[in-house]
Amino acid sequence: MIFVSPTDCHIIQFMDSKMLTVLILLSALATCLSVPRRCSPGEAAIGRCRTPAEETQCMEMVLGYCQDVPYSHTTFPNIVGHRSRQDLEMGAEYLLLSVIHALLNGECSPDIRLLGCSVLAPRCQDNRIMKPCHSSCEMVKKSCIHAFEAIQMAWPYFLDCDRFFVGSEEGCYDPLSELREKQEVAFANISDGGIFTILRFTYHTNSQMFSILKKTAAKCPHISQTYSIGRSVEGKDLLVIEFSDNPGQHDLLEPEIKLIGNMHGNEVLGRQLLIYLAQYLCSEYLRGNEQILSIINTTRIHILPSMNPDGYEIAASEGHEYNGWTSGRANAQNLDLNRNFPDLTSIFYNRRRFRHFRSGHIPIPESYWINKVVAPETYAVMKWIRSYPFVISASLHGGELVISYPFDLSRQPQEERMYSPTPDEQIFRQLARTYADAHPTMSNNDTERCGASFASKGGITNGAQWYSFAGGMSDFNYLHSNCYEITVELGCDKFPSEEELYPEWLRNKEALLSFMESVHRGIKGIVKDEHGNGIKGATISVKGMRHDITTAEDGDYWRLLNPGVHIVSVAASGYSKASKRINLPRNIQVRRVDFVLKKVPREPSLDYFNIPELDNYERFDPFNQFEQNSRRELGENGEERTEKPWWWAYFSQLGISAPTWLLQN
Ligand SMILES: [Zn+2]
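Quick caveat: nothing in here was measured; it's all calculated off a predicted structure.

Trainee: Explanation requested: the overall build of the chain in the structure shown.
Mentor: Tallying secondary structure elements over the chain gives 19 helices and 24 strands in all. The contacts of the chain with a sequence gap of at least 6 include a subset with a gap of at least 24, amounting to 73%. By element, 51% of the accessible surface of the chain is carried by carbon and sulfur atoms, the whole surface being about 29,900 Å².

Trainee: Sorry, what's going on with the packing of helix 15 (residues 425-438) against helix 18 (residues 501-517) here?
Mentor: A pair of packed helices can be characterised by two numbers: the angle between their axes and the separation between those axes. It is the contact of helix 15 with helix 18, at a shortest axis distance of 7 Å, that shows an interaxial angle of 150°. As the angle between them shows, helix 15 and helix 18 are arranged roughly antiparallel. Along this stretch, helix 15 crosses helix 18, giving a crossing that reads as right-handed. Residues Leu431, Thr434, Tyr435 and Ala438 of helix 15 lie in contact with helix 18, whose contacting residues are Arg507, Asn508, Glu510, Ala511, Leu512, Ser514 and Phe515. The class makeup of the residues in the contact of helix 15 with helix 18 is 6 nonpolar, 3 polar and 2 charged.

Trainee: Before we go on, may I ask you to explain the packing of aromatic side chains in this structure?
Mentor: Applying the stated rule across the entire model yields 33 aromatic pairs. Ring centres of phenylalanine 148 and tryptophan 155 lie 5.1 Å apart, and the angle between their planes is 70°; on these two criteria the pair is classed as edge-to-face. Using a relative accessible area of 14% as the deciding quantity, one classes tryptophan 155 as buried. Centroid distance tryptophan 384 to phenylalanine 390: 5.3 Å. Interplanar angle 75°. Geometry classified as edge-to-face. Looking at tryptophan 384, the relative accessible area reads 2%, which means it is buried. Taken together, the aromatic side chains of Phe348, Tyr349, Tyr405, Phe407, Phe428, Tyr478 and Tyr484 make up a single cluster linked through ring pairs. Sitting over the ring of tyrosine 173, arginine 123 keeps its end group 5.0 Å from the ring centre. Of note, arginine 339 hangs over the ring of phenylalanine 469, and the distance from its end group to the ring centre comes to 3.9 Å.

Trainee: How do you make sense of the coordination of the zinc ion when you look at a structure like this?
Mentor: Looking at the zinc ion, the protein donor atoms are His264 (ND1), Glu267 (OE), Glu267 (OE) and His397 (ND1), and they sit 2.0 to 2.7 Å from it. Each of the 4 donor atoms around the zinc ion contributes to a set of angles spanning 52 to 150°, which defines the coordination as irregular. Counting gaps between the donor residues of the zinc ion yields the pattern H-x2-E-x129-H. One end of the pair, glutamate 267, is in the loop between strand 9 (256-261) and helix 9 (269-287); the other, histidine 397, is in strand 11 (residues 390-397), and 130 residues separate them in sequence. The burial state of glutamate 267 is the same as that of histidine 397; both residues are buried.

Analysis parameters
- Numbering of residues begins from 1 in every chain and follows the order in which that chain's sequence is written.
- Only residues with pLDDT of at least 70 are given local features in this predicted model, and only at 80 or more are side-chain atom pairs given and counted; all residues enter the totals for whole chains, interfaces and linings.
- The basis for the side-chain values is all heavy atoms of the structure; hydrogens and waters are excluded.
- Numbered from the N terminus, helices here are DSSP runs of H or I no shorter than four residues, and strands are runs of E no shorter than two.
- Contact criterion: two residues are considered in contact whenever any of their non-hydrogen atoms come within 4.5 Å of each other.
- Only the protein chains shown count as cover for residues, with accessible areas throughout obtained via the Shrake-Rupley method and a probe of 1.4 Å.
- Working convention: axes come from line fits to C-alpha atoms, limited for helices to the stretch in contact. Angles between N-to-C directions cover 0 to 180 degrees.
- Angles are sorted into four bins: roughly parallel if under 35 degrees, roughly antiparallel if over 145, roughly perpendicular if 65 to 115, and oblique for all others.
- The crossing is said to be left-handed when, going from far helix to near helix, the turn is anticlockwise and less than a right angle, and right-handed when the turn is clockwise.
- For this scheme, ten residues count as nonpolar: Ala, Val, Leu, Ile, Met, Phe, Trp, Tyr, Cys and Pro. Four count as charged, namely Asp, Glu, Lys and Arg, and the remainder, Gly too, count as polar.
- When the centres of two rings from Phe, Tyr and Trp lie within 6.5 Å, Trp using its six-membered ring, the rings pair. Their planes under 30 degrees apart give stacked, over 60 give edge-to-face, and anything left gives tilted.
- Working definition: with a 1.4 Å probe on protein chains only, accessible area under 20% of the residue-type maximum means buried, over 50% means exposed, and in between means partly exposed.
- By definition, being over a ring means that NZ of Lys or CZ of Arg is both within 6 Å of the ring centre and within 35 degrees of the ring normal.
- Metal donors: N, O and S atoms at distances within 2.8 Å, or within 3.2 Å for Na, K and Ca, with water omitted from the atom set so that some sites may seem incomplete.
- Note on geometry labels: four donors, all angles 85 to 135 degrees, give tetrahedral; four donors become square planar and six octahedral when opposite donors are over 155 degrees apart and every other angle is between 65 and 115; remaining cases are irregular.

Below, the structure written as structure tokens:
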């Protein structure tokens, strides 16, 4: 038999006659209804809204998402005023705890959940509510508030450290004590706590990957930071870790490079190698490794270990069985991301015979946006390519042991295998060889190697000569931006066993470092006007090569060139042309060549072949396909309102009162 206490509406055991119970229940219910309502998110838990009474009845903790708290008994009403377990489970607060791991990509998990449980299902001991410590709350808030900011979510009201947490003089307890102990043990196992990082040669889940990248950036904050370039179909971050002596900014004349892994979700080795590379760069920099110091001080490196975290999840659920060829190649919309880019190569082939046609900076045709389902992952990477002055890039794949370089699309549509070089064939061959030669087996033709078909070619191939396909990322990089991208096929096994991770890291470490160093090759400099101001968007042409490079924001440029004599000319709309003859000896890695251009009256016909679409380069995404989240629209009363963040759907579909307290402002 149960009895509802008239004072604080909690449930206690009581033995009495049936009739009496009913009467008491009714009167208790009436009293319950007349007690002050529970505190709303905006109110302090004092005064007119009801705070939990001191005397209470402890009950067993049965909440699914709070099973791992360091205590076994809780009570209702809880600290924010939920009257019963059901009341709590129906509420948005508890729902938030149940999805917080997914929302924050595993960051601050389970910390936030345990902290939330200490308020929503508070510790109960000797029939008294125990309150969690203010200091525990502050500590979690300090390290986790940025994760909330990153998804435009307000810090939840029930984790307000000043309202629901108390100091040690009031006898508080630390709800995260057990978690910390566990974490310390785990941390001691994977790290010596100093500058060294022990690489764990196991596969990392998406949340482990996010956590490692963020921890690495936190360990090396003066040379590293993380940023997201967008989200996958299922809402996972496409998280980049950046290394530079000035993270977060472009340094004049410092070339930028990118490394991309896991574009095909089931090709997982590159993803692990890039996670290791990030950890290695950080710890070796701290250790004072000369080679790493030099790379980071002269180069800005952007690493995206997983371009397809949704596909990875499918592949990882199957594991490396099935001969290493698992499902999960495509993204969550079943799109092959390496077929999803605009096919600028066909445009190039159609126009290459025009006398003035140059192969660079071909705009994305409008038909691409109309006819193609553009994956959010593709979109994010295209935007990324356009936002940074990348000079070289490597996309890490698996299934073969070879470096392939553009073009990937055959110059004869009916030919599936046809040598189809770019105007930069020699540059690409050099880039590809840099990686292959630094890899112990890729260029090797006299030992047992997988993918033997490329052994005689030194482990490199023109993409279309291997097999032709349209819509690839490397062709897009070359024809739309200044970036030269190679495709690294790391080995025959797309999903090698974990025992292979360490030897593969050893095989590829030097190759990755050599590739990064190879960006310092050819010429670089600044194109300025007569007053010394950098000119953005000036074109750098090399005689005999029908592919131009453009200057970045501050007029700086990088032109990969092999040793020899080159005639380089520079043009910018509204300026006179300038040319220089440059001798690039073998022993010089990169030579500085600046240009000063004089202002002249604008001559529209100076611009090369007048193809109307060439003016469209700046018009990226004319239909704003992926800008819905930030788009403003008119509300019911005609006032402008901001669209809700993507995670709002978690809460709005479940028929609970909408937790507007999660919205910022
Ligand atoms: Zn692939």
